[in-house]
Amino acid sequence: DPDVLEALFDHPPQAGPKHGPGWVGDANDLVAKTRSLWTAPLRLSVGFLDLDAHEAALGPRIVSYMNLWSEHADVKFDLVSNAKTADIRISRVKGKGCWSYVGKECRQVAAGKATMNLDGFTLDTPASELERVVVHEAGHCLGFEHEHLRDAIVKRINPKEAYFYFGVTQGWTPTEVDLNVLTPLEEASSRGTPYVDQLSIMCYPIPGWVMYDGVDVIGGDKLDPSDKACVRELHPFPPDFM
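Residues numbered from 1 in each chain as written. Predicted model: local features only at pLDDT ≥ 70, side-chain atom pairs only at ≥ 80, totals over all residues. Heavy atoms only, no water.

Quick look at the state of the cysteines
Counted under the stated rule, the structure contains zero disulfides. A disulfide-free cysteine, Cys141 has its sulfur positioned 4.8 Å from the sulfur of Cys106, the nearest such atom. Residue class for Cys141 comes out buried when judged on its relative accessible area of 0%. (Disulfide = S-S within 2.5 Å. Buried < 20%, exposed > 50% of the residue type's maximum accessible area, 1.4 Å probe, protein only.)

Listed below in structure tokens is the structure:
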């Protein structure tokens, strides 16, 4: 019954935590894969693979949300017209989820192929949803991992409930749930804070009934202080920056 399911899943995960083909780990601002980090200063070109003239205004709007990270560190996303050769190539294929390759992995994707997908986003997508999802996926572009994949959270998740919850809300198979939810990060090969930040933009909310302890993983919908501090540490402004 759709009404029963809607009531049951009152804290859905952020839109489409699916990942691109060949995904090997996702992003978070509090923990970043060392091998995926870019060198500074970071300037990434962004192109859109499927915007027509009617929706042209969506491109600058999305890039403006990506650049909310730029207010806190020496990083910049620049919109370009030649999408096929851009560092970040965005598609909006409906039904394929919202996902992004992580950091330098974007440059391992063949030219002309998407490095990010924003599932069915249009000019009519609410601003709050655009900001929440786009800032999250831009964090992946910068090399950040999902905060909810840190061991302190993963060990609290009941696999049986996770298979059911993510199977219904995301359409994932148990194998996909294992990969995207139940496999903790190798923090020895990552850089991150010593604590878990459940309010990070890179943390998905997970309802308490999926957790062994019954406590919700809150999740974040905007850049929080730890997000800002971590990106600033990884990509600091030059000493003479005013």
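A word on the sheet that holds strand 4 (residues 88–91)
One open sheet holds the five strands; their spatial order is 3-2-4-6-5, and the pairing between them is mixed. Each of the sheet's edge strands pairs with one partner strand only, and the pair in question is strand 3 (75–79) and strand 5 (99–100). In the sheet, strand 5 pairs with strand 6 (residues 116–117) via two bridges, with the strands oriented antiparallel. Bridge assignment links Trp99 to a residue of strand 6, and that residue is Asn117. (Pairing = 2+ DSSP bridges. Helix = DSSP H or I, 4+ residues; strand = E, 2+ residues; numbered from the N terminus.)

Regarding the nonpolar core
Counting residues in each nonpolar core, the largest one holds 39 residues, and the members touching the most others are Ile62, Met66, Trp69, Phe77, Ile88 and Ile90. Listed by contribution, the elements that provide at least two residues to this core are strand 2 (42–48), helix 2 (58–66), strand 3, strand 4, helix 3 (127–142) and helix 7 (225–234). If one sorts the elements of this core by residue count, helix 3 sits on top with seven residues. Setting aside its immediate chain neighbours within four residues, Phe77 contacts Leu44, Val46, Val63, Met66, Asn67, Ser70, Ala138, Cys141 and Leu142. (Core = buried A, V, L, I, M, F, W, Y, C linked by side-chain atoms within 4.5 Å. Contact = heavy atoms within 4.5 Å.)

So, the side chain of Glu137
Locating Glu137 in the fold gives a position in helix 3. No salt bridge is formed by the buried Glu137; its nearest oppositely charged neighbour, Arg132, is found at 8.6 Å. The contacts of Glu137, once residues within four sequence positions are left out, are Cys98, Trp99, Ser100, Met116 and Leu118. (Lys, Arg positive; Asp, Glu negative; His and termini not counted. Salt bridge = Lys/Arg side-chain N within 4 Å of Asp/Glu carboxyl O.)

Overview of the packing of helix 2 against helix 3
Two elements in contact, helix 2 and helix 3, have axes separated by 8 Å at closest approach and are oriented at 60 degrees. In terms of orientation, helix 2 and helix 3 fall into the oblique class. Note on packing geometry: the crossing formed by helix 2 with helix 3 is right-handed. Along its contact with helix 2, which presents Arg61, Ile62, Tyr65 and Met66, the element helix 3 presents Ala127, Leu130, Glu131, Val134, Val135 and Ala138. By residue class, the composition of the contact of helix 2 with helix 3 is eight nonpolar, no polar and two charged. (Axes fitted to C-alpha atoms, helices over the stretch in contact; angles between N-to-C directions. Parallel < 35°, antiparallel > 145°, perpendicular 65-115°, else oblique. Left-handed = near helix turned anticlockwise from the far one by under 90°. Nonpolar A, V, L, I, M, F, W, Y, C, P; charged D, E, K, R; others polar.)

A look at helix 3
When the terminal C-alpha atoms of helix 3 are compared, their 22 Å separation across 16 residues agrees well with the 22 Å that a helix rising 1.5 Å per residue should span. Gly143 sits one or two residues past helix 3 and shows a positive phi near 110 degrees. (Expected span 1.5 Å × (residues − 1).)

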